[in-house]
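Chain residues, written in single-letter form:
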Amino acid sequence: MELAGVEIGNRRPLFLIGGPCAIESEDMVLRVAERLRAVTEKLGVPYVFKASFDKANRTSGSGRRGIGIAEGLRVLAKVRQEVGVLVLTDVHEDTPVDEVADVVDVLQTPAFLARQTNFIQRVAAAGKPVNLKKGQFLAPWDMQHVVEKCRAVGNQRVMVCERGVSFGYNTLVSDMRGLAIMRATGCPVVFDATHSAQQPGAQGGSSGGERDAIPVLARAAVAAGVAGVFIEIHPDPDRAWSDGPNQWPLARTEELLATLVAIDRVVKAQPYAEECGA
């Protein structure tokens, strides 16, 4: 699959989707994008910037949702133009998808909406590459049906993204077997290392998370074989508007990404088991 001239795939070198959970300010977003561009260029990693203008899926109705679509798209357009990176953002059922698609390079569908056929097909029909988040309630083989909904409206540029499965109250687990299973969709597989470390609703009115688990999960996923990793990254996660407990510190990103790149090179130097008929 091609993203703005860069070929990505489960046998291609690892790429990164990364940035803060929410657009908190133009200055912060530009600072994160510029730093991540420098890190990824140094490591030779294709990079897609990510940030949200609306966090519609908050635990509490009083949770901060973001700066809104008009200001959010202005900031994302500035990141794209001034920093010179690809940009991804998520859309929701009431989002004017075509308006967002005019600004960004990749559209992302929230995990909670993975089974909403009309929504999935409306996003896919916008014609941009789509990152499909797998629902916390779905088995990995169920993502084939979500992918086929996108292909049915003519969009072949689809990624599938694992972000953990609900396992009891306020807990997610990541089944690394699912990453190999989702390769059978023929789509690039992305592992969301930060939301996989989330503890939904664990703080009462907001979600908690296990930040120390992020590198553990990311290393395991890359060792299993994926096209890319998704990491929400913030200059000061403890002060983030949303998902602070499961965002990764910007200052520690180069160290983590260098490790993931090294693992990726070793893993992709050999065929995957299914390619050998195992």
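Everything discussed here concerns the structure shown above.
What you see is a predicted model; the values in this text were computed from it and never measured.

Here's the deal with the pattern of salt bridges
Part 1 of the argument: Counted by the stated rule, this structure contains 15 salt bridges.
Part 2 of the argument: For the salt bridge of R239 with D236, the shortest nitrogen-to-oxygen distance reads 3.7 Å.
Part 3 of the argument: A single network of salt bridges, built from pairs that share partners, joins E26, E71, R74, K78 and E82.

Considerations on the packing of aromatic side chains
Part 1 of the argument: For the coordinates displayed, the defined rule picks out 0 aromatic pairs.
Part 2 of the argument: Looking at R11, its charged tip hangs above the ring of Y272, at a distance of 4.5 Å from the centre.
Part 3 of the argument: The ring of F230 has K133 sitting right over it, with the charged end atom 4.4 Å from the ring centre.

Side note on helix α5 (residues 143-152)
Part 1 of the argument: Buried within α5 are the following residues: M143, V146, V147, K149 and C150. Looking straight down α5, one finds its buried side chains confined to an arc of 150°; they lie on one side. When the buried face of α5 is taken as reference, the exposed residues oriented beyond 90 degrees from it are H145 and A152.
Part 2 of the argument: The elements touched by buried residues of α5 are α4 (117-124), β7 (130-133), β8 (158-162) and α6 (177-183).
Part 3 of the argument: Among the residues trailing α5, G154 stands out with phi positive, at a value near 95°.

Rules and cut-offs
- Residues numbered from 1 in each chain as written.
- Predicted model: local features only at pLDDT ≥ 70, side-chain atom pairs only at ≥ 80, totals over all residues.
- Heavy atoms only, no water.
- Salt bridge = Lys/Arg side-chain N within 4 Å of Asp/Glu carboxyl O.
- Phe/Tyr/Trp six-rings, centres within 6.5 Å; stacked < 30°, edge-to-face > 60°.
- Lys NZ or Arg CZ within 6 Å of the ring centre and 35° of its normal.
- Buried < 20%, exposed > 50% of the residue type's maximum accessible area, 1.4 Å probe, protein only.
- Helix = DSSP H or I, 4+ residues; strand = E, 2+ residues; numbered from the N terminus.
- Arc of directions from axis to C-beta.
- Contact = heavy atoms within 4.5 Å.

The values are spatial; any link to function lies outside them.
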